[in-house]
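Results of the structural survey
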Amino acid sequence: MAFLPLEISVAFATSLLSGLIRGYTGFASGLFLVPIFAIIFGPIEGIAIAAIVSSIGGIQLLPKAFKAADWGVLMPPLVAAAITCFLTVGFLVSNDPATIKKLMGGFLIFAAALLIGGWKYNGPRSSYAGVCAGMLSGGALGGLGVPAGQFFALYFVSSNGNPVTQRAHIVVSAGLTIIFFLLGLIYAGKIVSETLIFAAILTPAFLFGVWAGAKLFQILPLTWFTSVVAWLVAVTGVTILFS
């Protein structure tokens with residue numbers, strides 16, 4: 001598969017910018033990775049490359065997030081997301097890409113509208129509620145290719161917790177769920193040698209972006225966090241719809 005220098009340059013720039021966003025917010029690396037990689041490499045191949053780059057690049061955020069997370073709150077949605085994600089990959093790889101793209105974009109814009117409108121989940125923070133949030137996040141990633149972090153964010157940011165803890169929950173849940181997404185793609189036979197080669201080429205730029213974004217999170221006011229999450233979800237949906 002041959003690519004023009006401009007396409008490779010766009011892929012590198014996309015990796016760097018997406019890494020910066022991931023390092024700052026703890027999620028949303030699929031904001032540009034998924035739609036732009038899908039255009040350059042093809043729908044399933046692009047999603048697979050984005051998943052590998054994102055999973056490797058996010059590893060450096062996990063140690064601090066593990067320490068800051070409240071595991072009693074985190075485990076129910078995390079386990080539910082991992083299982084649901086793996087089981088729904090078959091829907092993604094067997095359906096028409098145009099249909100998947102419309103569902104993906106609409107789903108994200110709906111979630112963004114709830115966040116931007118100030119909606120908060122005011123129900124009980126029970127294990128049942130966490131499992132429902134995890135199934136939504138995992139199903140969106142596995143079945144539609146929608147980065148799971150957006151829906152984890154919708155659930156965790158709606159709480160009144162510390163932004164550092166909220167971010168840790170998003171980092172851990174999104175970072176570990178994508179591993180099960182990759183396992184699902186491997187099981188479906190969608191990870192091939194070209195996928196691994198392109199992922200290896202683009203990962204360094206993403207890694208640098210994650211490092212820079214994590215430093216940025218320490219400088220910018222934490223009060224910006226919820227607003228950044230909301231608008232990134234909105235831009236994700238619009239980007240995917242019109243990519």
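Everything numeric here is computed off the predicted structure, so don't read it as measured data. (Residues numbered from 1 in each chain as written. Predicted model: local features only at pLDDT ≥ 70, side-chain atom pairs only at ≥ 80, totals over all residues. Heavy atoms only, no water.)

1. Regarding the packing of helix H8 (residues 149-156) against helix H9 (residues 163-187)
Direction vectors running N to C along H8 and H9 enclose 150°, while the axes themselves pass 9 Å from each other. The pairing of H8 with H9 is recorded here as roughly antiparallel in orientation. Crossing of H8 against H9: the hand is right-handed. Contact residues: H8 offers Gly149, Phe152, Ala153 and Phe156, while H9 offers Gln166, His169, Ile170, Ser173, Ala174 and Thr177. The residue inventory of the contact of H8 with H9, partitioned by class, reads 5 nonpolar, 5 polar and no charged. (Axes fitted to C-alpha atoms, helices over the stretch in contact; angles between N-to-C directions. Helix = DSSP H or I, 4+ residues; strand = E, 2+ residues; numbered from the N terminus. Parallel < 35°, antiparallel > 145°, perpendicular 65-115°, else oblique. Left-handed = near helix turned anticlockwise from the far one by under 90°. Contact = heavy atoms within 4.5 Å. Nonpolar A, V, L, I, M, F, W, Y, C, P; charged D, E, K, R; others polar.)

2. A short note on the environment of Cys85
Assignment of secondary structure puts Cys85 in helix H5 (residues 71-94). Residues Cys85 and Leu136, spaced 51 residues apart in sequence, show a C-alpha to C-alpha distance of 9.2 Å. Once residues lying within four places of it in the same chain are set aside, the contact partners of Cys85 are Gly138, Leu141, Gly142, Thr177, Phe180 and Phe181.

3. A look at the packing of aromatic side chains
The final tally for this structure, using the stated rule, is 8 aromatic pairs. Ring geometry for Tyr24 against Phe217: centres 5.6 Å apart, planes inclined by 65°, an arrangement best described as edge-to-face. With Tyr24 in helix H1 (residues 5-25) and Phe217 in helix H10 (residues 193-219), this residue pair connects regions lying 193 residues apart in the sequence. Note on accessibility: Tyr24 and Phe217 belong to one class, buried. Their ring planes at 50° and their centres at 5.0 Å tell us that Phe41 and Phe198 sit as a pair that is tilted. With Phe41 in helix H2 (residues 30-41) and Phe198 in helix H10, this residue pair connects regions lying 157 residues apart in the sequence. (Phe/Tyr/Trp six-rings, centres within 6.5 Å; stacked < 30°, edge-to-face > 60°. Buried < 20%, exposed > 50% of the residue type's maximum accessible area, 1.4 Å probe, protein only.)

4. Some points on the side chain of Thr14
With respect to the element layout, Thr14 can be found in helix H1. Judged by relative accessible area, Thr14 falls into the buried class, the value being 6%. Polar contacts involving the side chain of Thr14 include one to the main-chain carbonyl oxygen of Val10, which spans 2.7 Å. Leave out the neighbours within four places in its chain, and Thr14 touches Phe32, Leu33, Ile36 and Phe37. (Polar contact = N/O pair within 3.5 Å; in protein donor to acceptor, adjacent residues only side chain to side chain.)

Purely geometric numbers; function is a separate question.
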